[in-house]
Amino acid sequence: MGERCWNPSYKGENPAHVGRGGCWIFYEACKKSVEESLKKLKTDYIDLMLLHQPFGDAYGAWRALEEFYEKGILKAIGISNFYADRMVEFASFNRIKPMVNQVECHPLNQQIEAKKWNDKYGIQLEAWAPFGEGRGGLFENPVLKEIAAAHGKTTAQVMLRWHLQRGIVVIPKSTHKERMAENLNVFDFTLTAEEMAKITALDTATSSFFSHQDPAMVEWFVKMVEERKEQQDSSNEKKAW
Ligand SMILES: NC(=O)c1ccc[n+]([C@@H]2O[C@H](COP(=O)([O-])OP(=O)(O)OC[C@H]3O[C@@H](n4cnc5c(N)ncnc54)[C@H](OP(=O)(O)O)[C@@H]3O)[C@@H](O)[C@H]2O)c1
């Protein structure tokens, strides 16, 4: 069971933390967010909690996650969307190193360099959008289709198997029960080195969504955090990509 902790905004009282439009106390807000997650999930521990974005006072939020980790309430803590430069900095200047880094990863954006850096720091790479949400025609990709046919599998299964053979954790999402079963059924075949290489050749090293280093996207995130101060409900937020 995993959860995400937004680097949140919180209307607190400490003037030392005054930011745009009010006081942002990331440490307090992160603590509150974890407590709310525990309550919503009706549990007294969470297996993995990730800091969702590398923005704002991520260090303050991380202090809160470290404390929950040390109390055994969070069994593992990690980060998400930290590109290699931010990951190296964050892993180097914190007391407890992140255990997981969840980033966009699929055959069109393979994170080859990022994987090397996360491996170097002992941080487990986890793929969000392991199918790239099907963007760029991934489910119909002829290379994947050919490999899938050779193993009597689907292109979805080939993609998941490819991630796993690279040592990357996957969290595919489906609203269909039969696809969930399909996505779990990937442990009875192995891709050859040649097949792995054919998939490597599909890499464009470009996001199918957006870059967390794009200032316009950072502005969009800032605006969303501002709006959250008012509504406190993230379930209806619209994606900007
Ligand atoms: N950390 C972050 O910033 C971040 C960002 C984005 C996503 N995520 C997380 O990553 C996880 C997965 O990402 P995602 O949903 O964006 O992308 P994804 O898993 O790559 O793709 C999901 C899409 O693939 C389809 N699908 C699933 N299994 C299939 C199969 N076997 N055959 C054909 N189509 C299949 C689903 O359709 P159906 O539902 O119709 O089956 C859905 O449209 C989610 O838990 C999400 O919350 C995290």
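Residues numbered from 1 in each chain as written. Predicted model: local features only at pLDDT ≥ 70, side-chain atom pairs only at ≥ 80, totals over all residues.

As for the environment of N94
Just so we agree on the cut-off: Helix and strand labels come from DSSP, where a helix needs a run of H or I of at least four residues and a strand needs a run of E of at least two; each type is numbered from the N terminus.
Of note, N94 is situated in the loop between α3 (84–92) and β6 (100–104). C-alpha separation for the pair N94 and Y59, spaced 35 residues apart in sequence, amounts to 7.7 Å.

Considering the packing of α3 against helix α4 (residues 112–120)
Counted only if it meets this: Lines fitted to the C-alpha atoms define the axes, with helices restricted to the stretch that makes contact. Angles between their N-to-C directions range from 0 to 180 degrees. In what follows, roughly perpendicular refers to angles from 65 to 115 degrees, roughly parallel to angles under 35, roughly antiparallel to angles over 145, and oblique to any angle outside these ranges. By the convention adopted here, residues make contact when the C-beta atoms placed from their backbones lie within 7 Å. Note on residue categories: nonpolar means Ala, Val, Leu, Ile, Met, Phe, Trp, Tyr, Cys or Pro, charged means Asp, Glu, Lys or Arg, and polar means any other residue, Gly included.
Where α3 contacts α4, the axes come no closer than 10 Å and their chain directions differ by 10°. It follows that α3 is roughly parallel to α4 by the angle criterion. Facing A84, M87 and V88 of α3, the residues of α4 in contact are E113, A114, W117 and N118. Counted by class, the contact of α3 with α4 contains 5 nonpolar, 1 polar and 1 charged residues.

So, the nonpolar core
Condition: We call a set of buried Ala, Val, Leu, Ile, Met, Phe, Trp, Tyr and Cys residues a nonpolar core when their C-beta atoms link them within 7 Å. Burial in this document is a count-based property: other C-beta atoms within 10 Å of a residue's C-beta are tallied, and the residue is buried at 20 or more, exposed at 12 or fewer, or partly exposed in between, with C-beta positions derived from the backbone.
Among the nonpolar cores identified, the biggest contains 24 residues, and C30, M49, L51, A61, A64 and L65 are the most heavily contacted of them. Of all the elements in the fold, those that place two or more residues in this core are α1 (26–41), β4 (48–51), α2 (58–70), β5 (77–80) and α3. Here the element with the most residues in this core is α2; it accounts for 6 residues. A64 has contacts with Y27, C30, K31 and V34, leaving out every residue within four places of it along the chain. If you look at the next biggest cluster of nonpolar residues, it comprises 12 residues, including F131, V158, M159 and W162.

A look at the pairing of β6
So the rule is basically this: What makes two strands pair is DSSP finding at least two bridges between them. With the strands aimed away from the viewer, a crossover counts as right-handed if its path from the first strand over the helix to the second runs clockwise.
Counting buried positions over the 5 residues of β6 gives 4, a clear majority of the element. Strand direction decides the pairing type here: β5 and β6, joined by 2 bridges, are parallel. Bridge pairing in β6 places I79 opposite N101. Regarding topology, α3 serves as the crossover connection from β5 to the parallel β6, and that connection is right-handed. Where β6 and strand β7 (residues 124–128) come together, 5 bridges link them in parallel fashion. Counted as the bridge partner of V103 is A127 from β7.

Thoughts on unusual backbone geometry
The phi angle at N81 is positive, at roughly 65°, despite the residue not being glycine. In this structure, N81 sits in the loop between β5 and α3. Residues other than glycine seldom take positive phi values, yet A205 does so here, at roughly 50°. What makes A205 exposed here is the crowd of 11 C-beta atoms within 10 Å.

Remarks on the confidence of the model for the protein chain
To be explicit about the condition: Per-residue confidence from the predictor is reported as pLDDT, a score between 0 and 100.
Mean pLDDT over the protein chain stands at 90; residues scoring 70 or higher make up 86%. Within the model, pLDDT remains below 50 along residues 9–23, and this stretch shows 27 contacts once partners closer than five positions in the same chain are excluded.

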